[in-house]
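A look at the structure
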Amino acid sequence: MTTRAGFVALIGEPNAGKSTLLNRMVGAKVSIVTHKVQTTRARIRGIAMAGAAQIVFVDTPGIFRPRRRLDRSMVKAAWGGASDADVIVLLIEAHRGLTEGAQAIIDRLKDEMPQGKPVALAINKIDRVKAETLLALAEAANQAFPFAKTFMISAERGHGVDALRDWLAEVLPEGPWFYPEDQIADLPMRMIAAEMTREKLTLRLHEELPYQLTVETEKWEDKPDGTTRIDQIVYVARDGHKGIVLGNRGETIKAIGQAARAEIAEFLGRTVHLFLQVKVRPNWLEEAERYSEMGLDFKDGDA
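These numbers were taken from a predicted model, which means no experiment stands behind them.

1. Here we look at the environment of P176
With respect to the element layout, P176 can be found in the loop between α5 (161-171) and α6 (189-205). Judged by relative accessible area, P176 falls into the exposed class, the value being 63%. Along the backbone, P176 and Q54 are 122 residues apart, and their C-alpha atoms lie at a distance of 8.7 Å. Leave out the neighbours within four places in its chain, and P176 touches T3 and A5.

Here it is in structure tokens:
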């Protein structure tokens, strides 16, 4: 049996549905999904098996106009992930069409991608527009860039995702698999657990603390009785933020902790005891080690 294996970069504007598509392809919740744009920071790789092919997804941060150091590092990471990959899938939203941001990504693809590297177009959220709108969008996009293949998908509902996965399996290079068949992500469990907690914080706090917090797993203990104790620290940038995260009588952090614990327990398939602490760390957005923990390069943020 001839095996295939390779890296696939999902690129697109923030909130185009990259994380949802990754989770759908992999069949497990690996990359966090929220309605707030730009939640993916680390280059999380999800692994999908399709017959004799192993597809390793590089879930790049959304590509947008960077303003701060963290933003610049994320955009650099996104393009780095794309240029290193064997195949690229550009995701655009059907109802938003060829936005200025999507056009800018296509222009950069023309300049930066080597000849011969397969680049597919995936038009996502197809249930939101009429068929003729979809066809017109596909035609306009293919005039702007010579995509190897165009897919109409709904990452949320799963429509068209199998066809995309099968095509990726066909075009990846021949070679041995990179990972054991049962492994779904190459991020350490400590980081996945921290991302799950950060997702709950993002969902709960909405606009109050967009990017001013990070979560780290400080301790992880698998106990003899089959349970796991996880201690995490939520770092915020200001004293005022600490009060927002804690909530009245600690109710907010308690609800966040319960939601995160349930999801981590489901992911691990065992009982989890989760303990959260909130600490103020004014300059965490400027600390090099925070970046390396998120799979980003601190130097990439230098303007």
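Having put the structure on the table, let's press on.
2. Notes on the side chain of Q54
Tracing the chain through its elements places Q54 in strand β3 (residues 53-59). At 2.8 Å, the side chain of Q54 and the backbone nitrogen of F178 are in polar contact. In this structure, Q54 is in contact with R4, A5, G6, I47, A48, M49, L172, W177, F178, Y179 and P180, ignoring residues within four places of it in sequence.

3. Some thoughts on the sheet that holds strand β7 (residues 213-222)
Taken in spatial order, the three strands make up an open sheet running β7-β8-β9, and their pairing is mixed. Unpaired on one side and paired on the other, β7 and β9 (272-280) mark the two borders of the sheet. The mean angle between the axes of side-by-side strands here comes to 20°, regardless of whether they run parallel or antiparallel. Most of the contacts of α6 go to β7, to which it runs at about 135°, and overall it touches β7, β8 (228-236) and β9.

4. Structural notes on the packing of aromatic side chains
Going through the model one piece at a time under the given rule, you end up with three aromatic pairs. Aromatic pair F151 and W167: ring centres 5.7 Å apart, planes at 55°, arrangement tilted. With F151 in strand β6 (residues 149-152) and W167 in helix α5, this pair connects stretches of sequence that are 16 residues apart. Like F151, the residue W167 is buried in the burial classification. Stacked on the ring of F275, the Lys or Arg R229 has its end atom at 4.0 Å from the ring centre. Geometry around Y235 places R281 over its ring, the cationic atom sitting 4.4 Å from the centre.

5. A short note on unusual backbone geometry
With a phi angle near 65°, K125 is a residue other than glycine that sits in the positive phi range. Along the chain, the position of K125 falls in the loop between β5 (119-124) and α4 (131-144).

6. Focus on the pattern of salt bridges
The final tally for this structure, using the stated rule, is 13 salt bridges. In this structure, the salt-bridge partner of D222 is R270, at a minimum N-O distance of 2.9 Å. Highlighted residues: D222 in strand β7 and R270 in the loop between α8 (251-268) and β9, separated in sequence by 48 residues. A residue is classified by how much of its surface remains accessible, and R270, at 31% relative accessible area, is partly exposed. Through salt bridges with shared partners, a single ionic network connects E13, E93, R96 and K125.

7. Points about the pairing of strand β4 (residues 87-93)
Counting buried positions along β4 gives seven out of seven residues, so the element sits mostly inside the fold. Neither face of β4 is open: one carries V87, V89, L91 and E93, the other I88, L90 and I92, and all of them are buried. Pairing analysis gives six bridges linking β4 to β5, with the strands arranged parallel. Counterpart to V89 in the pairing with β5 is A120.

8. Concerning the environment of G226
Among the secondary structure elements, G226 is positioned in the loop between β7 and β8. The partly exposed category is assigned to G226, whose relative accessible area is 39%. The spatial distance from the C-alpha of G226 to the C-alpha of V272 is 9.3 Å, given a sequence separation of 46 residues.

9. Here we look at the packing of helix α1 (residues 18-26) against α5
The geometry of α1 relative to α5 is characterised by a closest axis approach of 11 Å and an angle of 75° between their N-to-C directions. Regarding the angle of α1 to α5, the classification is roughly perpendicular. Residues L21, R24 and M25 of α1 pack against V161, L164, R165 and L168 of α5. Its residues assigned to classes, the contact of α1 with α5 shows five nonpolar, no polar and two charged.

Quick notes on the rules
Residues numbered from 1 in each chain as written. Predicted model: local features only at pLDDT ≥ 70, side-chain atom pairs only at ≥ 80, totals over all residues. Heavy atoms only, no water. Helix = DSSP H or I, 4+ residues; strand = E, 2+ residues; numbered from the N terminus. Buried < 20%, exposed > 50% of the residue type's maximum accessible area, 1.4 Å probe, protein only. Contact = heavy atoms within 4.5 Å. Polar contact = N/O pair within 3.5 Å; in protein donor to acceptor, adjacent residues only side chain to side chain. Pairing = 2+ DSSP bridges. Axes fitted to C-alpha atoms, helices over the stretch in contact; angles between N-to-C directions. Phe/Tyr/Trp six-rings, centres within 6.5 Å; stacked < 30°, edge-to-face > 60°. Lys NZ or Arg CZ within 6 Å of the ring centre and 35° of its normal. Salt bridge = Lys/Arg side-chain N within 4 Å of Asp/Glu carboxyl O. Parallel < 35°, antiparallel > 145°, perpendicular 65-115°, else oblique. Nonpolar A, V, L, I, M, F, W, Y, C, P; charged D, E, K, R; others polar.

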